[in-house]
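Okay, here's what each chain looks like letter by letter:
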Amino acid sequence: MNHDPLWKEVLHEFLPDVMGLFFPDIARQIDWTRLRFMDQELFPDFTEGELRRADVVAEVQTLSGQDEFIIVDFEIESQRRSNFGYRLWEYRSLLRIRHKKPVLPLVLYLAPGAGGVTEETYRESLLGRQIEEFRYLAIGLPDLQAADYATATTPVAGALRSLMKSGALSRPALKLDCLRQLVGTTRNDAHRALLSTVVESYLPLAGEEAEVFSSMVQQEVEVRTMVTVYEERGFLQGKREALLQVLQVKFGSPSPDLRERVEALATREELERFFARALQASTIQETGLIQ
């Protein structure tokens, strides 16, 4: 799974809420109405010899009037990289030099091992002396207890809890509780769709667990609707990808315009119709996808 696009979208939509959930003392000092994302920041990766884009970079202003940058960088690997502290130190230093403003570095871990909401330190020593100490804030979602955030009133909490420890709850019960929290904290359909994708992606159920969840959700009208919408989106995207594969096999790599046309197909009926045409067509024009 490519985690980056999903989490970047979540942080773009809910950065103030995430900060308020885990670092309320910091969040209270920031004027979130002045938030401006700067995700085009590119940095040389000296270890790999290539450019790397910072995950999420946002410029904000503190309520005291002091300009301040926040870097939110997150680990997306199953095993935490041993050189991550150095890499974050490098990005923070380059941002500081480039913009000449203070930088607050953070990391959101999707893999266990951080110990929850904490502070980590990168140190360098030379000739028996410590010459560098760099501290950054860390959120280790898999090390937190989902029950501790069950009453949070921000909808993003319901999504983030799907990566936390279930405690006394079974996995089906935790999933239902997370989705209930989304329903209870937002009426924004776009936000529900985004956050339910997080829950479905990081708390998947199969076999008996899936059957238990299906039984539990029957009496939850809004939750069941949200699950149905997610499943429909998944079907549609899968069908688009299958159509593109057929087009590539029969007619060569689809052009950007053709890909855009396929991605714009929004209903089962459209996708089924063009899929059948693509299977039978002798030329790309016969598919009806090119005017």
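Read on for a plain summary of the structure. Nothing here was measured: the structure is a model prediction, and the numbers come from that model. (Residues numbered from 1 in each chain as written. Predicted model: local features only at pLDDT ≥ 70, side-chain atom pairs only at ≥ 80, totals over all residues. Heavy atoms only, no water.)

1. Here we look at the overall build of the chain
Right, on to step 1. For the chain, the count of helices and strands is ten helices and eight strands.
Right, on to step 2. Looking at the 291 residues of the chain, the share that counts as buried comes to 45%.
Right, on to step 3. Pairs at least 24 apart in sequence give 63% of the contacts found in the chain among residues at least 6 apart. (Helix = DSSP H or I, 4+ residues; strand = E, 2+ residues; numbered from the N terminus. Buried < 20%, exposed > 50% of the residue type's maximum accessible area, 1.4 Å probe, protein only. Contact = heavy atoms within 4.5 Å.)

2. Observations concerning the nonpolar core
Right, on to step 1. With 55 residues, the main nonpolar core has Trp-7, Phe-22, Leu-141 and Leu-160 as its most contacted residues.
Right, on to step 2. In terms of nonpolar packing, the next biggest core, distinct from the first, is built from 15 residues, Val-57, Val-107, Tyr-109 and Ala-138 among them. (Core = buried A, V, L, I, M, F, W, Y, C linked by side-chain atoms within 4.5 Å.)

3. Here we look at the pairing of strand 6 (residues 103–109)
Right, on to step 1. The element strand 6 is largely enclosed, with a buried count of seven among its seven residues.
Right, on to step 2. Alternating residues of strand 6 divide into Val-103, Pro-105, Val-107 and Tyr-109 and Leu-104, Leu-106 and Leu-108, and every residue in both groups is buried.
Right, on to step 3. Where strand 6 lies against strand 8 (residues 129–140), four bridges are found, and the strand directions are parallel. Bridged to Leu-106 within strand 8 is Leu-137. (Pairing = 2+ DSSP bridges.)

4. A word on the pattern of salt bridges
Right, on to step 1. Applying the stated rule across the entire model yields ten salt bridges.
Right, on to step 2. The partner of Lys-101 in a salt bridge is Glu-59, with the nearest N and O atoms 2.9 Å apart. Taken together, the positions of Lys-101 in the loop between helix 3 (84–99) and strand 6 and Glu-59 in strand 4 (residues 56–62) put the pair 42 residues apart, joining distant regions of the chain.
Right, on to step 3. Take Glu-59: its relative accessible area is 14%, and that puts it in the buried class.
Right, on to step 4. Its salt-bridge partner being Glu-209, residue Arg-171 comes within 3.1 Å of it at the nearest N-O pair. Pair noted here: Arg-171 is in helix 5 (residues 171–185) and Glu-209 is in helix 7 (residues 207–217), with a separation of 38 residues, a long-range link.
Right, on to step 5. Through salt bridges that share partners, Arg-36, Glu-59 and Lys-101 make up one connected network. (Salt bridge = Lys/Arg side-chain N within 4 Å of Asp/Glu carboxyl O.)

5. Considerations on the packing of helix 5 against helix 6 (residues 189–202)
Right, on to step 1. Between helix 5 and helix 6, the least distance of the axes is 10 Å, while the angle of their chain directions is 170°. The angle between helix 5 and helix 6 falls in the class roughly antiparallel. Taken together, the residues of helix 6 that come into contact with helix 5 (itself represented by Lys-175, Cys-178, Leu-179, Leu-182 and Val-183) are Arg-192, Leu-195, Ser-196, Val-199 and Glu-200.
Right, on to step 2. A breakdown of the residues in the contact of helix 5 with helix 6 according to their chemical character gives six nonpolar, one polar and three charged. (Axes fitted to C-alpha atoms, helices over the stretch in contact; angles between N-to-C directions. Parallel < 35°, antiparallel > 145°, perpendicular 65-115°, else oblique. Nonpolar A, V, L, I, M, F, W, Y, C, P; charged D, E, K, R; others polar.)

6. Describing the side chain of Glu-120
Right, on to step 1. Structurally, Glu-120 is set in strand 7 (residues 117–126).
Right, on to step 2. Of note is the side chain of Glu-120, whose polar atom sits 2.8 Å from the side chain of Tyr-109. (Polar contact = N/O pair within 3.5 Å; in protein donor to acceptor, adjacent residues only side chain to side chain.)

7. Digging into empty space enclosed by the protein
Right, on to step 1. All told, the structure shown has one cavity of 30 Å³ or more when counted by the stated rule.
Right, on to step 2. In this model, the largest cavity occupies a volume close to 50 Å³.
Right, on to step 3. Around the largest cavity, the lining residues are Leu-11, Leu-15, Val-18, Met-19, Val-72, Leu-106, Val-107, Leu-108 and Ile-139.
Right, on to step 4. Listing elements by their share of the lining of the largest cavity, those giving two or more residues are helix 1 (3–22) and strand 6.
Right, on to step 5. At four residues, helix 1 tops the list of elements feeding residues into the lining of the largest cavity. (1 Å grid on protein atoms, 1.4 Å probe; cavity = no way out; pocket = protein on both sides within 12 Å on 5 of 7 lines; lining within 4 Å. Points joined across faces, edges and corners; volume = space filled by probe spheres on them.)

8. Structural notes on unusual backbone geometry
Right, on to step 1. A positive phi angle is found at Lys-100, which is not glycine, with a value near 55°.
Right, on to step 2. Tracing the backbone shows Lys-100 in the loop between helix 3 and strand 6.
Right, on to step 3. For Lys-100, a relative accessible area of 66% corresponds to the exposed category.
Right, on to step 4. At Leu-127, a residue that is not glycine, the phi angle is positive and equals roughly 55°.

9. Description of the packing of aromatic side chains
Right, on to step 1. Counted by the stated rule, this structure contains eight aromatic pairs.
Right, on to step 2. A connected cluster of aromatic rings, assembled from ring pairs, spans Phe-84, Tyr-109, Phe-134 and Tyr-136.
Right, on to step 3. Residue placement shows Lys-175 over the ring face of Phe-213; its charged tip is 4.9 Å from the ring centre.
Right, on to step 4. Its guanidinium or amino end placed over the ring of Phe-274, Arg-273 lies 5.2 Å from that ring's centre, counting from NZ or CZ. (Phe/Tyr/Trp six-rings, centres within 6.5 Å; stacked < 30°, edge-to-face > 60°. Lys NZ or Arg CZ within 6 Å of the ring centre and 35° of its normal.)

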